[in-house]
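Working through the structure, step by step
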Amino acid sequence: MNLLTLYRIIDKNKNKEERRNPSFDSNRVVKFLGYFMVVYFAAFFVFLGVMFPAMFREIVPGMEPYHIMNQGFAYLLMLDFLSRFLYPSLSKDMKPYLLLPVRKSQLVSAFLLRTGLRLMNLMWMFIFVPFAALTLFKFFGIGGILMYLIGIWLLIVMNSLWYQLCRTLIAESPWAYFLPVAVFAVLLLAEFALPGLPISRFTMELGEGFIMGEAWAFAAVLAGIALFYVANLALYGKYLYLELSRHNDTQVKHVREYRFLEKFGEVGEYLKLELKLDTRNKVPRNQLVMGLIFMIGFTAAIAYTNIYDGFMTHYICVYNFAVFAVMNLGQIMSFEGNYIDGLMTRKESVYSLICAKYYLNLIVLVIPFLMFLVPVFNGKMTLLMIVSLMTFTAGFVMWMILQLTAFNKTTVPLNVTMTRSKKTNSLPQMIVVMGAFGLPLLIESGLKVLFGTDGAFIAMLLIGLGFIISHRWWLKRIYRRFMKRRYENMESFRACR
Amino acid sequence: MTITINNLKKCFGSKVAVDIDNYEVHSGDLLGLVGNNGAGKTTLFRCILDLLKADEGSVMINEFCVSETEEWKHFTGSHIDEGFLIDYLTPEEYFDLLGKFYGLTKEVIAERLTKFERFMGGEIMGQKKYIRNFSAGNKQKIGIVSALLHHPQLVILDEPFNFLDPSSQSIIKHLLKEYNQETGATILVSSHNLNHTVDICPRIALMESGKIIRDIQNIEGSAEKELEDYFNVE
């Protein structure tokens, strides 16, 4: 079987997998929103593509606009890389194909081909097509435009493979986030520390090379694509075997028991279970570390630098308190979907489970609180503000996120990352995430109008306290709602295990 | 524990998975459930355990309707498949966790596990392995032990002989029979293995297309011929 046939078969099956997912119907709204965003950004990009030529001529009159645009390729690629974290990831379910008479390298190549050929890679064309038509046509004609667009598309394909490489490494260890950060830092350092802005100069010449149809320019990008393809292939090959052989924990050296939690009764037992879930399974562990990295990173940026000041200080304060809970509780029950039958045959076990999850996330709030004490001492924010926002998160925001207990119904594999990846974004999750980051600011703004700054923070503190004090009552209500929807959810958990 | 099934119906699309008018499993029964693939055995078990919503009818365990209260969960032990196991725990941790939920002390758990030592064959306890890293047979053993650990008055096991080696199959047969006789617990076991079912179950229900078509009293293996005829076993 040749690669293209295999690619077509896999692509067809992946589309079926998506359509036949139990959450497909409820995800239609998410899909619609996704398409709406694509149309919105496409229109915005076309607008930019039309505006840039005139804008560049005005800013730098002595240069052709496409030269200026080409100087920004490196930044474009960085932006493209970051924006990929927002796209839904492609399914990597390779297991069903592994025993078929297909070479593993061919199988991985077919999956990489999907990455390279996905329509999202054409998104930037909404800027470059009008831009090229307005700036290149009079000098280089249709041929020049076509070569330029092909060159840029190849650059984006190369970037998608670079992103895929990073995602694979990140799935194995969240510390791999530092790889793209380090690469971008080196590029920026080279650009600004060395004389003559070498990166911009190189990308300008590369763009010129595309337009002129020069072989070296295309060869350079194709070499980049080949390099990332081979790297991806090697990485997949390595991790695929490791994952299939499950070598990493067949013999555990030290079994951590967390016995100190036993005094808290059944909830304590679930706290132990939660800690074991987060530390013994690759996917939850990576999520946890990512949550902590984001939280500590942004808090440190506020605490020790002047990068974020003014409104951003405020927003990031809200974000930092909520981010861990959003990442940790946003998928509540999805990991438990793997053993939901066992939980459901024991009385009220899910109630104790959500209590344990709530308490654990409350404890984690202490980390950003302690870190925010530094900017409090530096006078960047007030103690009242951080106490108020922390209490509000512990009460109102957690209440909102925990509603997902009743609505999440897609099982997320605990350890499998290379051969499987599930799309778990659902409408309730999107609403809750937006609410967790947006509502505190909206409520705070409204309260400020009514009571002034300090009054608003005191009001938020009181609202948060109200939710904390009544947590047993509303957790019980969430549990009841979960029990009402249990059959539907259990069927869905089983169906996508 | 008495299980009373009233007009129970469960469909998946146009396929009727379970359709039972009235059926009663008496307290202390050791009932074998047999039938071809797709006959509805697992679906019936899931309905009894409130893991599936019945389209019509109800299941009562003693006076408790399973879909309306959770009280029956205290005295019920069950294992259907791997979806019951929390596989990132070691077997010791898993048994310990279950014991806590049923109010058992560590000493009691340890004492109860000694009865399963032969069944576990020295391959489960003390291995420093998470459940996910055990073989299918050993996972099955962990599931069966966890279903019996808290001495439930109602035991439901779906295909308990699957994945087990012949000696473990023999041991679990004896364990279930002994448990039934000693505690008077009601036990429901489904199996494709007619010999094992006939060996241990005094009562056998034969399922076909969601219905219990025969309720066979099995006195000293008398059901064997009837079942072999039904399944065309030569």
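This report concerns the structure included in the present document. (Residues numbered from 1 in each chain as written. Chains lettered and ligands numbered in written order. Predicted model: local features only at pLDDT ≥ 70, side-chain atom pairs only at ≥ 80, totals over all residues.)

**Quick notes on the overall build of chain A**
Helix and strand counts for chain A come out as 20 helices and zero strands. Seen along its three principal axes, the alpha-carbon backbone of chain A occupies a region of about 75 × 65 × 45 Å. Burial analysis of chain A (497 residues in total) assigns 35% to the buried set. Taking the intrachain contacts of chain A between residues at least 6 apart in sequence as the baseline, contacts between residues at least 24 apart amount to 80%. (Helix = DSSP H or I, 4+ residues; strand = E, 2+ residues; numbered from the N terminus. Buried ≥ 20, exposed ≤ 12 C-beta atoms within 10 Å, placed from the backbone. Contact = placed C-beta atoms within 7 Å.)

**A closer look at the sheet that holds strand β6 (residues 76-79) of chain B**
Residues and elements named next belong to chain B. Reading across from one edge, β6-β7-β8-β3-β9-β10 is the order of the six strands in this open sheet, with mixed pairing throughout. The sheet is open, and its two borders are formed by β6 and β10 (211-217), each paired with just one other strand. Strand-to-strand twist of the sheet, defined as the mean angle between neighbouring strand axes without regard to direction, takes the value 15°. Where strand β9 (residues 203-208) lies against β10, six bridges are found, and the strand directions are antiparallel. By the bridge assignment for β10, A205 is matched with D215. Helix-sheet contacts for helix α1 (residues 41-48) involve β3 (30-35), β7 (154-158), β8 (186-190) and β9, and the interaxial angle to β7 is about 150°. (Pairing = 2+ DSSP bridges. Axes fitted to C-alpha atoms, helices over the stretch in contact; angles between N-to-C directions.)

**Some points on the packing of helix α17 (residues 383-402) of chain A against helix α18 (residues 427-469) of chain A**
Residue and element names in this part refer to chain A. One can describe the packing of α17 onto α18 by two numbers: an axis separation of 8 Å at closest approach and a directional angle of 140°. Viewed along their axes, α17 and α18 adopt a mutual orientation that is oblique. Crossing hand, α17 versus α18: right-handed. Among the residues forming the contact of α17 with α18, the class breakdown is 21 nonpolar, six polar and one charged. (Parallel < 35°, antiparallel > 145°, perpendicular 65-115°, else oblique. Left-handed = near helix turned anticlockwise from the far one by under 90°. Nonpolar A, V, L, I, M, F, W, Y, C, P; charged D, E, K, R; others polar.)

**A closer look at the environment of W153 of chain A**
Residues and elements named next belong to chain A. Inspection of the secondary structure assignment puts W153 in helix α7 (residues 137-172). W153 gets classed as partly exposed once you count the C-beta atoms within 10 Å, which come to 17. Residues W153 and M123, spaced 30 residues apart in sequence, show a C-alpha to C-alpha distance of 9.6 Å.

**Some thoughts on unusual backbone geometry**
Residues and elements named next belong to chain B. Unlike most non-glycine residues, N62 shows phi in positive territory, near 50°. Locating N62 in the fold gives a position in the loop between β4 (56-61) and β5 (64-65). Its identity as a non-glycine residue notwithstanding, H151 has a phi of 50°, on the positive side. Checked against the element boundaries, H151 lands in the loop between α5 (136-148) and β7.

**Description of the sheet that holds strand β2 (residues 15-25) of chain B**
Sheet strands line up and pair through hydrogen bonds in the backbone, either parallel or antiparallel. Residue and element names in this part refer to chain B. Taken in spatial order, the four strands line up as β2-β1-β4-β5 in an open sheet, and their pairing is antiparallel. Every interior strand has two partners, whereas the edge strands, β2 and β5, have only one. Examined bridge by bridge, strand β1 (residues 3-12) and β4 share five bridges and lie antiparallel to one another. Within β4, the residue paired with I5 across the bridge is V59.

**Brief notes about the interface of chain A and chain B**
Counting from both sides, the interface comprises 28 residues of chain A and, opposite them, 24 residues of chain B. Where the side of chain A that touches chain B is concerned, the elements lending two or more residues are α11 (265-280), α14 (340-344) and α20 (486-495) of chain A. Considered class by class, the residues forming the side of chain A that touches chain B number 10 nonpolar, six polar and 12 charged.

**So, the pairing of β7 of chain B**
All names here are of chain B. With five of five residues buried, β7 lies mostly within the body of the structure. Neither face of β7 is left uncovered, since the one carrying L154, I156 and D158 and the one carrying V155 and L157 both have all their residues buried. For β6 and β7, the ladder comprises four bridges, and the chain directions are parallel. Paired with S78 across the strands is I156, a residue of β7. One ladder, built from five bridges, connects β7 with β8; its direction is parallel. Bridged to V155 within β8 is I187. Note on the crossover from β7 through helix α6 (residues 166-183) to β8: the handedness is right-handed. (Right-handed = clockwise from strand over helix to strand, strands pointing away.)

**Some words on α5 of chain B**
All names here are of chain B. Given a rise of 1.5 Å per residue, 13 residues ought to cover 18 Å, and the 19 Å separating the end C-alpha atoms of α5 matches this to within 8%. The buried fraction of α5 is high, at 11 of 13 residues. Packed against the buried residues of α5 are β6, α2 (91-101), α4 (117-120), β7 and α6. (Expected span 1.5 Å × (residues − 1).)

Treat this as a map of the structure, not an account of what it does.
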